[in-house]
Amino acid sequence: MESGNVVIIGGVAAGTKAAAKARRENPDLKVTVLTRESYVSYAGCGLPYYIGDVIREEKELLVKKPEDFLIDYDIDVITGIEALKIAPEEKTVTAKDLSDGAVREFNYDKLVLATGASPSIPPVKGKELGNIVTVRTLREAFAIKKLLRERNIKKAVVVGGGMIGLEVAENLVHTGIKTTVVELAPHIKWLFPARRTRLCWRAT
Ligand SMILES: Cc1cc2nc3c(=O)[nH]c(=O)nc-3n(C[C@H](O)[C@H](O)[C@H](O)COP(=O)(O)OP(=O)(O)OC[C@H]3O[C@@H](n4cnc5c(N)ncnc54)[C@H](O)[C@@H]3O)c2cc1C
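Residues numbered from 1 in each chain as written. Predicted model: local features only at pLDDT ≥ 70, side-chain atom pairs only at ≥ 80, totals over all residues. Heavy atoms only, no water.

Details of the domain arrangement of the chain
By the assigned domains, the chain splits into domain 1 (5–113) and domain 2 (138–203). Across the contact, 21 residues belong to domain 1 and 18 residues belong to domain 2. Approximately 1,700 Å² of surface area, both sides summed, lies buried where domain 1 meets domain 2, with 71% of it carried by carbon and sulfur atoms. Sorting the residues of domain 1 by area buried against domain 2 places P48, Y49 and I51 first, and these three jointly supply 38% of that buried surface. In this assembly, domain 1 and domain 2 are joined by 1 salt bridge. Note that K145 and D53 form a salt bridge whose closest N and O atoms lie 2.7 Å from each other. (Domains from an automatic or database assignment. Contact = heavy atoms within 4.5 Å. Buried area = accessible area lost by both parts, 1.4 Å probe. Salt bridge = Lys/Arg side-chain N within 4 Å of Asp/Glu carboxyl O.)

Quick look at the site of the ligand
Residues in contact with the ligand amount to 24 residues; listed here are only the nearest, A13, A14, E37, A83 and R136. At 3.1 Å, a backbone N or O of A13 approaches an oxygen atom of the ligand. The backbone of A14 places a nitrogen or oxygen atom 2.8 Å from an oxygen atom of the ligand. The protein chains hide 78% of the 1,000 Å² of surface that the ligand would expose on its own. When contributions to the shell around the ligand are tallied by element, the ones reaching two or more residues are α1 (13–25), β4 (81–87) and α6 (193–203). With 3 residues, β4 is the largest single contributor of residues to the shell around the ligand. Here the residues of the shell around the ligand sort into 13 nonpolar, 6 polar and 5 charged. Inspection of the shell around the ligand shows a minimum of three residues originating in each of domain 1 (5–113) and domain 2 (138–203). (Near = heavy atom within 4 Å. Polar contact = N/O pair within 3.5 Å; in protein donor to acceptor, adjacent residues only side chain to side chain. Areas by Shrake-Rupley, 256 points an atom, 1.4 Å probe, with all protein chains shown as cover. Helix = DSSP H or I, 4+ residues; strand = E, 2+ residues; numbered from the N terminus. Nonpolar A, V, L, I, M, F, W, Y, C, P; charged D, E, K, R; others polar.)

Looking at the sheet that holds strand β6 (residues 103–107)
Taken in spatial order, the 3 strands make up an open sheet running β4-β5-β6, and their pairing is antiparallel. The sheet is open, and its two edges are formed by β4 and β6, each paired on a single side. Direction aside, the axes of adjacent strands within the sheet are offset by 30° on average. Relative to β6, strand β5 (residues 92–97) is paired through 5 bridges, and the arrangement is antiparallel. Bridge pairing in β6 links T94 to E105. (Pairing = 2+ DSSP bridges. Axes fitted to C-alpha atoms, helices over the stretch in contact; angles between N-to-C directions.)

Here is the structure:
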């Protein structure tokens, strides 16, 4: 890649890997990662095990902190900022600082979108009520753990019997919570959990 200015939106697995690769390819590039979260480069696959107290320390989920990228790779990671608009003709990204609402503009020569996915919430009545959570980000896992600790939760329903739903269910059971999995399909997906965990940690 010729020298220039690379902006990456999203700072978890894909975004930070793209940033590190760009730096390895060209030490002269200016590389900036924008992410609306305060945590970057974390092991999403560990979240169910953190909820289940198998992983006890928050720091075990965090592969790198934002400042590590500056020190180790000369990559500027800006957290708590949400990209709102991309203008491809001008090659700019308009983003809002979530702490004070200030709007900033970033120029780029190359732009990488690594914005990931978001949970699909079924259109069911009452979905906005309390004690209903999704498991996608580290912040959500912290909130779930706090909920379990502070509200003395005894029963849980997990909507979705895919691998993540089942891992969450397995971990809720591990903490002593009576758990029911609700699945639309006539079957659930399953892979032996210990094997999945090992695969996950190797990948990160
Ligand atoms: C509970 C759970 C368990 C999992 N288990 C496994 C496993 O065992 N093995 C495995 O391989 N994978 C697993 N995964 C999947 C893996 O975590 C994801 O594939 C991986 O996190 C995807 O990384 P990503 O960088 O593409 O996206 P994400 O992790 O979604 O990161 C995207 C980032 O972009 C940010 N962003 C989005 N829009 C904007 C915007 N407009 N401005 C600024 N920032 C923005 C988001 O806030 C987020 O921080 C699991 C995921 C979860 C949630």
